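What follows is each chain in one-letter form.
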Amino acid sequence: MSPLIKGEWRLMDSFSASNILDTTPVPGSVPRKALYFSPIVPQGPIPAVTEQEKIAYTCSQCGKVYQYLHNLKKHQRMECGKDPQFACPHCPHRSYAKWNLNKHIQSRHQGLSVQ
């Protein structure tokens, strides 16, 4: 769900049917009134998030820090304290994720098959 935009509805005096963005009347066209939404744009710089406001999730086993809890949980489930389970058939490279191994094979071993 997208956030609500603050603004106001305004009445445009006339618009051209051929070009709604152009507010000048076109010869031979019937002037019409139309409602349009004018968003309120904040003035001045947007405040930055400070380091103290950021929430960090730290792994209790290895100390890696993640910004989002779901990334920490994925790390603990797939990586932390485990050996990489996907091995490259062409070299000693190993990976924790199959997509990463496939990317390795495509970039390092061009022309060889992904088994």
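Residues numbered from 1 in each chain as written. Predicted model: local features only at pLDDT ≥ 70, side-chain atom pairs only at ≥ 80, totals over all residues. Heavy atoms only, no water.

### Side note on the overall build of the protein chain
Phase 1: Helices and strands together make up the secondary structure of the protein chain, namely 2 helices and 6 strands.
Phase 2: Ordered by position from the N terminus, the helices and strands of the protein chain form the series β-β-β-β-α-β-β-α. (Helix = DSSP H or I, 4+ residues; strand = E, 2+ residues; numbered from the N terminus.)

### Looking at the UniProt feature "domain: C2H2-type" (unreviewed entry) in the protein chain
Phase 1: Following the UniProt record, one finds the feature "domain: C2H2-type" (unreviewed entry) at residues 57-84.
Phase 2: The distance from the first to the last C-alpha atom of residues 57-84 is 23 Å, and the span holds 36% helix and 14% strand. (UniProt positions renumbered as here; feature names shortened; annotations may be inferred.)

### Comments concerning the environment of Lys82
Phase 1: Within the fold, Lys82 resides in the loop between helix 1 (69-78) and strand 5 (86-87).
Phase 2: Remark: the alpha-carbon pair of Lys82 and Tyr96, spanning 14 residues in sequence, is separated by 8.7 Å.
Phase 3: Look past the residues within four positions of Lys82 in its chain and what remains in contact with it is Gln76, Arg77 and Tyr96. (Contact = heavy atoms within 4.5 Å.)

### Some details on the confidence of the model for the protein chain
Phase 1: For the protein chain, the average pLDDT comes to 74, and 55% of its residues sit at 70 or higher.
Phase 2: Note that residues 15-20 has pLDDT below 50 and, in this model, 10 contacts with residues that lie over four places away or in other chains. (pLDDT = per-residue confidence, 0-100.)

### Quick word on helix 2 (residues 98-108)
Phase 1: Within helix 2, burial applies to Leu101, His104 and Ile105. Along the axis of helix 2, the buried residues cluster in a sector spanning 95°; they form a single face. Exposed residues pointing more than 90 degrees away from the buried face of helix 2 are listed as Trp99, Lys103 and Gln106.
Phase 2: Close packing links the buried residues of helix 2 with strand 5 and strand 6 (94-95). (Buried < 20%, exposed > 50% of the residue type's maximum accessible area, 1.4 Å probe, protein only. Arc of directions from axis to C-beta.)

### A short note on the side chain of Ser95
Phase 1: Within the fold, Ser95 resides in strand 6.
Phase 2: Given the relative accessible area of 4%, Ser95 is considered buried.
Phase 3: Reaching out from Ser95, the side chain makes a polar contact with the backbone oxygen of Ala97 at a distance of 2.9 Å. (Polar contact = N/O pair within 3.5 Å; in protein donor to acceptor, adjacent residues only side chain to side chain.)

### Brief notes about the side chain of His75
Phase 1: Its place among the elements puts His75 in helix 1.
Phase 2: Setting aside residues no more than four positions away along its own chain, His75 makes contact with Cys59, Cys62, Lys64, Tyr66 and Cys80.

### Some points on the environment of Met78
Phase 1: If you trace the backbone, Met78 turns up in helix 1.
Phase 2: Sequence separation between Met78 and Tyr96 is 18 residues, and the spatial gap between their C-alpha atoms is 6.8 Å.

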